[in-house]
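# A closer look at the structure
Chain residues, written in single-letter form:
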Amino acid sequence: MSAIAPPATAETAPPTPDYSDYQLVPARHPWRWVGTVLVAAGVAAIAWSLVTNPRWEWGVVAEWFTAQSVVNGLIETLKLTAISGVLGFVLGFILALMRLSSSPLLVSVSWTFSWIFRSTPLLVQLLLWYNLGYLYEKISLGIPFTDVRFFEAQTTTLISQFAAAVLGLTLNQAAYSAEIIRGGILSVDQGQLEAASALGIPAWKRSTRIVLPQAMRAILPNAFNEIIGLVKGTSIVYVLAYSELFYTVQVIYNRTQQVLPLLLVATLWYVVITSVLSVFQYYIERHFSKGALRTLPLTPLQKARKFFTTHVAASPTKDAR
Amino acid sequence: MSIIAARKDSAAAAQVEEKKAAASAAAPEGTTTAQPASADRPATRGQVDITNVRKSFGATEVLKGVSLSVPPGGVAVIVGPSGSGKSTLLRTINHLEKVDGGYITIDGELVGYEVRGNKLHELREKDILKQRTHIGMVFQSFNLFPHLTALENVIEAPIVAQKRSKAEARKRGLELLDRVGLKDRADAYPRQLSGGQQQRVAIARALALDPKILLFDEPTSALDPELVNEVLDVIRELAKSGTTLIVVTHEMGFARDVADTVVFMDQGQIVESGTPQDIFANPREERTRSFFSKVIEPAFNI
Ligand SMILES: Nc1ncnc2c1ncn2[C@@H]1O[C@H](COP(=O)(O)OP(=O)(O)OP(=O)(O)O)[C@@H](O)[C@H]1O
Ligand SMILES: [Mg+2]
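My aim in this report is to walk through the structure given alongside it, one point at a time.

Reading the values: rules and limits
- Residues numbered from 1 in each chain as written.
- Chains lettered and ligands numbered in written order.
- Predicted model: local features only at pLDDT ≥ 70, side-chain atom pairs only at ≥ 80, totals over all residues.
- Heavy atoms only, no water.
- Core = buried A, V, L, I, M, F, W, Y, C linked by side-chain atoms within 4.5 Å.
- Buried < 20%, exposed > 50% of the residue type's maximum accessible area, 1.4 Å probe, protein only.
- Helix = DSSP H or I, 4+ residues; strand = E, 2+ residues; numbered from the N terminus.
- Contact = heavy atoms within 4.5 Å.
- Salt bridge = Lys/Arg side-chain N within 4 Å of Asp/Glu carboxyl O.
- Polar contact = N/O pair within 3.5 Å; in protein donor to acceptor, adjacent residues only side chain to side chain.
- Nonpolar A, V, L, I, M, F, W, Y, C, P; charged D, E, K, R; others polar.
- Phe/Tyr/Trp six-rings, centres within 6.5 Å; stacked < 30°, edge-to-face > 60°.
- Near = heavy atom within 4 Å.
- Areas by Shrake-Rupley, 256 points an atom, 1.4 Å probe, with all protein chains shown as cover.
- Axes fitted to C-alpha atoms, helices over the stretch in contact; angles between N-to-C directions.
- Parallel < 35°, antiparallel > 145°, perpendicular 65-115°, else oblique.
- Left-handed = near helix turned anticlockwise from the far one by under 90°.
- Expected span 1.5 Å × (residues − 1).
- Arc of directions from axis to C-beta.
- Pairing = 2+ DSSP bridges.

### Quick word on the nonpolar core
Counting 49 residues, the largest nonpolar core has Val79, Leu177, Val201, Ile203, Phe216, Ile235 and Leu245 of chain B as its most contacted members. The biggest single contributor to this core is helix H8 (residues 225-240) of chain B, with 8 residues. Setting aside its immediate chain neighbours within four residues, leucine 177 of chain B contacts Ala150, Leu151, Val154, Leu182, Lys183, Ala186, Val201 and Ala204 of chain B. Core analysis: the next-biggest nonpolar cluster, separate from the first, contains 39 residues, Ile210 of chain A together with Leu63, Ala157 and Met265 of chain B among them.

Written as structure tokens, this is what we have:
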């Protein structure tokens with residue numbers, strides 16, 4: 001081709017044409033459309049089999065999905081997740097600060113805590129807490145090695161199923177969150193602390209106003225992983241016969257023998273919770289990424305709005321041509 | 001010892017005079033006294049006295065008994081080869097680095113320590129932080145807070161450390177950003193600013209606490225050559241304002257222009273110091289001469 005082309009010299013070069021009246025046409029992506037069609041077909045096939053295969057028993061699923069007992073179980077699951085999630089992360093934060101402090105005592109206490117709770121199965125921890133009454137009949141608050149007691153109670157009345165579940169989940173969660181938070185704090189540049197102390201900012205404010213907001217970027221993805229894990233992880237308290245979501249559907253299907261549809265009921269609820277949490281995660285992460293990115297990407301909502309204003313709103317004018 | 005005892009009392013001004021007299025009389029050998037501030041700077045505060053400061057990291061002694069005085073409003077520029085202890089010396093002045101021996105005073109007040117009996121006890125964190133609000137510091141790597149805007153960076157310390165009202169801090173913050181030529185970028189985050197702009201925000205942030213003294217640790221060495229001057233110009237302006245400046249830099253041209261005193265450090269010691277003319281044109285020490293011959297000639301030949 002180039003061999004045939006006449007040599008371009010100054011004399012023969014034609015004047016640059018004027019393109020200012022031409023319309024711009026974006027590049028087409030035919031393979032993207034092929035891919036989209038294939039994926040859509042696959043999704044449709046799966047959906048079709050889910051709908052038409054009678055063994056999924058969607059009628060039964062619908063019947064139980066909002067049944068009172070299932071909803072009660074769901075509430076218990078949410079309660080356990082919220083309480084042990086919040087307490088776990090608060091305790092984890094304290095443990096992380098202890099671990100990063102310069103006091104050898106605090107460091108070793110924190111390290112030992114994480115070591116113990118990360119190395120014992122959660123199942124064992126839960127059963128131990130629940131059966132604490134067997135090990136220690138009474139729990140009392142007083143001055144050690146004297147007879148002074150401010151408070152005393154039977155262990156079995158104090159540690160209910162709920163208390164055992166919260167205790168077990170919280171302490172276990174704290175051990176893992178401590179490491180996540182510590183990792184986040186370590187990811188913040190040392191110069192930040194130095195600059196803050198050179199400005200006379202007190203230690204506590206240095207942590208909460210300078211380091212933590214930056215550490216959050218590293219903490220959040222892992223923290224949400226943990227929380228989502230915890231939502232489903234709470235199902236382990238079935239060993240205490242605690243009627244959260246999973247235990248509730250188990251009880252039901254043992255009675256009705258409709259195992260699959262009832263597992264589906266629980267699964268669908270877990271999917272709903274996880275989806276809601278993911279939306280929260282997206283916006284919270286976005287909030288903490290301010291200053292970290294030169295320009296924040298659009299949210300899906302903003303993208304959709306932009307798509308509609310540029311494509312849909314623009315099309316009538318195109319038709320009018 | 002009598003010098004310290006005298007400072008314990010509160011008649012500060014008189015004490016400072018007395019101390020100065022004492023210092024010049026009984027100064028430890030090699031005490032360097034910077035030139036007094038020139039007449040157009042009516043500075044009354046920001047006298048820095050470093051006396052025989054020693055510092056080791058493990059087995060290596062990084063500062064081997066450094067003494068230096070900078071008068072109120074003075075501009076001292078510290079130069080010297082890499083690893084000579086310049087940054088370490090600067091960091092001892094606001095107690096970011098603890099000294100192993102010797103002491104530092106600002107307007108006669110000990111930095112980081114107090115006198116109890118005949119011992120110097122380290123202050124509590126709270127009191128050290130309070131002292132630091134009088135000593136601004138600008139870092140080589142800016143160290144702006146990336147999650148805060150330029151203005152928020154500037155007003156953070158006044159609000160948190162000095163408990164000023166937000167409105168007041170904002171007003172003053174905008175004035176300071178204006179002074180460094182960045183009023184219109186007040187709402188930008190550090191990552192949206194150029195290196196030179198970031199360093200100017202860092203200077204505004206250090207000024208926000210209205211410090212007596214400003215410490216600069218190689219404020220331009222992380223910058224592209226064309227951005228160096230915008231930062232040096234801001235520091236030049238500050239030099240005229242009566243704030244005491246102590247600047248570590250490799251910019252010899254700047255040192256020549258702005259310094260009252262140029263201090264040459266090598267291997268943890270002050271080799272010699274004097275006016276820029278003295279130091280650059282006729283250094284007394286062979287070490288100084290060989291350092292400048294390496295650093296200056298190439299720079300001026302370009
Ligand atoms: N925290 C530390 N631990 C151990 N050694 C250190 C520490 N800080 C500094 N040093 C050592 O002390 C010496 C002086 O360091 P300093 O940073 O004061 O040098 P400098 O004169 O500022 O050099 P440069 O011009 O390269 O910045 C160097 O040998 C350095 O390795
Ligand atoms: Mg240095």
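### Concerning the interface of chain A and chain B
Counting residues at the interface gives 23 residues for chain A and 24 residues for chain B. There are 3 salt bridges connecting chain A and chain B. For the salt bridge of arginine 206 of chain A with glutamate 125 of chain B, the shortest nitrogen-to-oxygen distance reads 3.0 Å. Linking chain A to chain B there are 9 residue pairs in polar contact (both at pLDDT 80 or more). The set of elements that each furnish at least two residues to the side of chain A that touches chain B consists of helix H9 (190-198) and helix H10 (203-233) of chain A. Across the side of chain A that touches chain B, the residue classes tally to 10 nonpolar, 6 polar and 7 charged.

### Overview of the packing of aromatic side chains
Counted under the stated rule, the structure contains 12 aromatic pairs over all chains. Between the aromatic rings of phenylalanine 113 of chain A and phenylalanine 117 of chain A, the centroid separation amounts to 4.6 Å while the plane-to-plane angle is 35 degrees, which identifies the pairing as tilted. Within this pair, phenylalanine 113 of chain A and its partner phenylalanine 117 of chain A are both found in helix H4 (residues 104-119), separated by 4 residues, close to a single helical turn. The buried category is assigned to phenylalanine 113 of chain A, whose relative accessible area is 18%. Through pairs of rings, three or more aromatic residues link up here, namely Phe264, Phe280, Phe291 and Phe292 of chain B.

### Here's the deal with the pattern of salt bridges
All names here are of chain B. A full pass over the atoms with the stated rule returns 22 salt bridges over all chains. A salt bridge links arginine 287 to aspartate 266; the nearest nitrogen and oxygen atoms lie 2.4 Å apart. One end of the pair, arginine 287, is in helix H11 (residues 286-301); the other, aspartate 266, is in strand E12 (residues 261-266), with 21 residues separating them in the sequence. Residue class for arginine 287 comes out partly exposed when judged on its relative accessible area of 35%. Accessibility expressed as a relative area gives 9% for aspartate 266, which makes it buried.

### Some thoughts on the side chain of glutamine 131 of chain B
Residues and elements named next belong to chain B. Along the chain, glutamine 131 falls in helix H4 (residues 125-132). We classify glutamine 131 as buried; its relative accessible area is 11%. Looking at glutamine 131, its side chain comes within polar contact range of the side chain of glutamate 109, at 3.1 Å. A polar side-chain atom of glutamine 131 sits 2.8 Å from the main-chain carbonyl oxygen of leucine 110. Those residues within four positions of glutamine 131 in sequence are excluded, and the remaining contacts are Glu109, Leu110, Val111, Gly112 and Leu123.

### Considering the site of ligand 1
Residue and element names in this part refer to chain B. Around ligand 1, the surrounding shell consists of Phe57, Val62, Pro81, Ser82, Gly83, Ser84, Gly85, Lys86, Ser87, Thr88, Glu218 and His250. Side-chain polar atom of serine 82 to an oxygen atom of ligand 1: 2.5 Å apart, as the coordinates give it. For ligand 1, an oxygen atom lies 2.6 Å from a polar atom in the side chain of serine 87. Taken by itself ligand 1 offers 640 Å² of open surface, and the protein chains cover 56% of this. Ranked by residue count, the leading element in the shell around ligand 1 is helix H3 (residues 86-93), at 3 residues. Here the residues of the shell around ligand 1 sort into 3 nonpolar, 7 polar and 2 charged.

### Brief notes about the packing of H9 of chain A against H10 of chain A
The description of two helices packed together rests on the angle between their axes and the distance between the axes. All names here are of chain A. In the contact formed by H9 and H10, the axes pass within 10 Å of each other and the chain directions differ by 155 degrees. In this view, H9 runs roughly antiparallel relative to H10, as classed from their interaxial angle. Both H9 and H10 take part in a crossing whose hand is right-handed. In this structure, H9 uses Gln192, Leu193, Ala196 and Ser197 to contact H10, whose residues at the interface are Arg206, Ile210, Val211 and Gln214.

### Notes on helix H6 (residues 166-179) of chain B
All names here are of chain B. Between its first and last C-alpha, H6 extends 20 Å over 14 residues, near the 20 Å set by a 1.5 Å rise per residue. What H6 keeps buried is the set Ala169, Gly173, Leu176 and Leu177. Within H6, the buried residues cover an arc of 100 degrees as seen down the axis, which keeps them to one side. Opposite the packed face of H6, turned more than 90 degrees from it, sit the exposed residues Ala167 and Lys171. Where the residues of H6 are buried, they touch helix H5 (150-160) and helix H7 (195-207). In the segment just after H6, glycine 181 is the residue with positive phi, at about 75 degrees.

### Details of the pairing of strand E7 (residues 113-116) of chain B
Where a strand is regular, its side chains alternate between the two sheet faces. What you see with E7 of chain B is a clean split: Tyr113 and Val115 of chain B sit on the buried side and Glu114 and Arg116 of chain B on the side with no burial. With antiparallel pairing between neighbouring strands as the criterion, E7 of chain B and strand E8 (residues 119-122) of chain B make up a hairpin whose turn holds 2 residues, including glycine 117 of chain B at a positive phi of roughly 65 degrees.

### Quick word on the sheet that holds E12 of chain B
All names here are of chain B. Sheet architecture is open: 6 strands sit in the order E9-E10-E11-E4-E12-E13, paired in mixed fashion. The strands lining the two open edges of the sheet, one partner per strand, are strand E9 (135-138) and strand E13 (269-274). Each strand axis lies, on average, 20 degrees off the axis of its neighbour in the sheet, ignoring direction.

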